[in-house]
Amino acid sequence: WSIAENSNKYYISTVNGCYTSDSTFQWIENNNGLNGAVINDIKTRDNEVWVCTSFGLYKSVDKGAHFQKLLDGFYLKIMLSESAIYVCGSKAFLVSEDAGNTWNNIVLPLLIEWEEVVDADFGGGYAYIITCCEQGNKMHRFEMNSKHWDEIEGTDIDIVYYVSASDSLVVLSCFSSSMVTY
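Basis of the calculations
- Residues numbered from 1 in each chain as written.
- Predicted model: local features only at pLDDT ≥ 70, side-chain atom pairs only at ≥ 80, totals over all residues.
- Heavy atoms only, no water.
- Core = buried A, V, L, I, M, F, W, Y, C linked by side-chain atoms within 4.5 Å.
- Buried < 20%, exposed > 50% of the residue type's maximum accessible area, 1.4 Å probe, protein only.
- Helix = DSSP H or I, 4+ residues; strand = E, 2+ residues; numbered from the N terminus.
- Contact = heavy atoms within 4.5 Å.
- Pairing = 2+ DSSP bridges.
- Axes fitted to C-alpha atoms, helices over the stretch in contact; angles between N-to-C directions.
- Phe/Tyr/Trp six-rings, centres within 6.5 Å; stacked < 30°, edge-to-face > 60°.
- Lys NZ or Arg CZ within 6 Å of the ring centre and 35° of its normal.
- Salt bridge = Lys/Arg side-chain N within 4 Å of Asp/Glu carboxyl O.
- Patch = residues over 30% accessible without salt bridge, like charges linked within 9 Å, V, L, I, M, F, W, Y side chains within 5 Å.
- Areas by Shrake-Rupley, 256 points an atom, 1.4 Å probe, with all protein chains shown as cover.
- Disulfide = S-S within 2.5 Å.

Enquirer: What's the story with the nonpolar core in this structure? I'm lost.
Expert: The nonpolar side chains of a soluble globular protein tend to be buried with one another. Counting residues in each nonpolar core, the largest one holds 16 residues, and the members touching the most others are Tyr86, Phe93, Ile106, Phe122, Ile129, Phe142 and Met144. For this core, the secondary structure elements donating two or more residues are strand E9 (75-80), strand E10 (85-89), strand E11 (93-96), strand E13 (116-123) and strand E14 (126-133). Among the elements that make up this core, the one with the highest residue count is E13 (three residues). With near-sequence residues (within four places) excluded, Phe142 lies in contact with Tyr86, Phe93, Ile106, Gly125, Tyr126, Ala127, Lys147, His148 and Trp149. Counting 12 residues, the second-largest nonpolar core is a separate cluster that includes Trp50, Ile78, Ala92 and Leu94.

Enquirer: What's the story with the sheet that holds strand E5 (residues 39-45) in this structure? I'm lost.
Expert: The strands making up a sheet associate through hydrogen bonds between their backbones, and the pairing can be parallel or antiparallel. Pairing in this open sheet of four strands is antiparallel, and the strands run E5-E6-E7-E8 from one edge to the other. Strand pairing shows two members of the sheet lacking a second neighbour, E5 and strand E8 (68-72), which therefore form its edges. Here the strands of the sheet are splayed against their neighbours by 20 degrees on average, with no regard to which way each runs. Pairing geometry for E5 and strand E6 (residues 48-53), over six bridges, is antiparallel.

Enquirer: I keep staring at the sheet that holds E10 and nothing clicks. Help me out?
Expert: Pairing is antiparallel in the open sheet, where four strands are placed in the order E9-E10-E11-E12. At either end of the open sheet lies a strand with only one pairing partner, and these are E9 and strand E12 (104-105). For E11 and E12, the ladder comprises two bridges, and the chain directions are antiparallel. From the neighbouring strand, Leu94 faces E12, where its bridge partner is Asn105.

Enquirer: Even after reading the chapter, I still don't get the packing of aromatic side chains, so can you show me in this structure?
Expert: The description of an aromatic ring pair rests on the distance of the ring centres and on the angle between the ring planes. Inspection of the entire model under this criterion finds nine aromatic pairs. On the basis of an interplanar angle of 50 degrees and a centroid distance of 6.3 Å, the ring pair of Phe25 and Trp27 is categorised as tilted. The partly exposed category is assigned to Trp27, whose relative accessible area is 38%. A network of ring pairs unites the aromatic residues Tyr86, Phe93, Phe122, Phe142 and Trp149 as a single cluster. Sitting above the plane of the Tyr126 ring, Arg141 keeps its charged end 4.6 Å from the centroid.

Enquirer: Just to check I follow, could you spell out the environment of Val95 for this structure?
Expert: With respect to the helices, strands and loops of the structure, Val95 is situated in strand E11. For Val95, a relative accessible area of 8% gives the class buried. Residues Val95 and Ile106, 11 residues apart in the sequence, show an inter-C-alpha distance of 7.1 Å. Once residues within four sequence positions are removed from consideration, Val95 is found in contact with Ala84, Ile85, Tyr86, Thr102, Trp103, Asn104 and Ile106.

Enquirer: Is there a simple way to think about the pattern of salt bridges in this case?
Expert: One pass over the structure, following the stated rule, counts five salt bridges. A salt bridge links Lys43 to Asp41; its shortest N-O distance comes to 3.0 Å. A relative accessible area of 27% places Lys43 in the partly exposed class. Members of the salt-bridge network, linked through shared partners, are Arg45, Glu48 and Lys59.

Enquirer: Where do I start with a nonpolar patch on the surface in this structure?
Expert: On the surface, Ile3, Phe25 and Trp27 cluster together into a nonpolar patch covering about 320 Å² of accessible area. Mapped onto the fold, Trp27 is located in the loop between strand E3 (17-21) and strand E4 (28-29).

Enquirer: Which parts of the structure should I look at to understand the state of the cysteines?
Expert: Defined simply, a disulfide is a covalent bond joining two cysteines at their sulfur atoms. Evaluated as defined, the whole model comprises zero disulfides. Lacking any disulfide linkage, Cys52 is separated from the closest cysteine sulfur, that of Cys88, by 8.8 Å.

Right under this line is the structure:
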């Protein structure tokens, strides 16, 4: 799952919800408003805590003490930038430019009715999206400034099921070959 830090307060997401701790690392369950959802990703900004779950997207404005549901659906990853919030779910890639009050759909390339997003991550100004289809898994890259999609060459050679991205490295975990870096 994931971990986030903000002003010496730590947030960890688990299958049992959200837990917080300060520098003592005594963990406190903070699930007020999450309704038992499995948390897939967690990010923080100022007093805000954002979580992607199996039931929707949630936001806390009081450092994780209480959560409010913003969107229904299955959401995998979130990225908070200075000007926008991006979330990726199994059938959607959305952006909000007003702190989560309204959301716009970013059309996924070649995503047909029975194709799904299996994983996503953000790094270096890009969103990396792995889609699953009859022909296998493929990875697409979305450049956030130009709003342009590319299919990453060579990612259809294996079943890619996990992506982790930073500003300078993208790591794919594959079924038969353990890892591929780009």
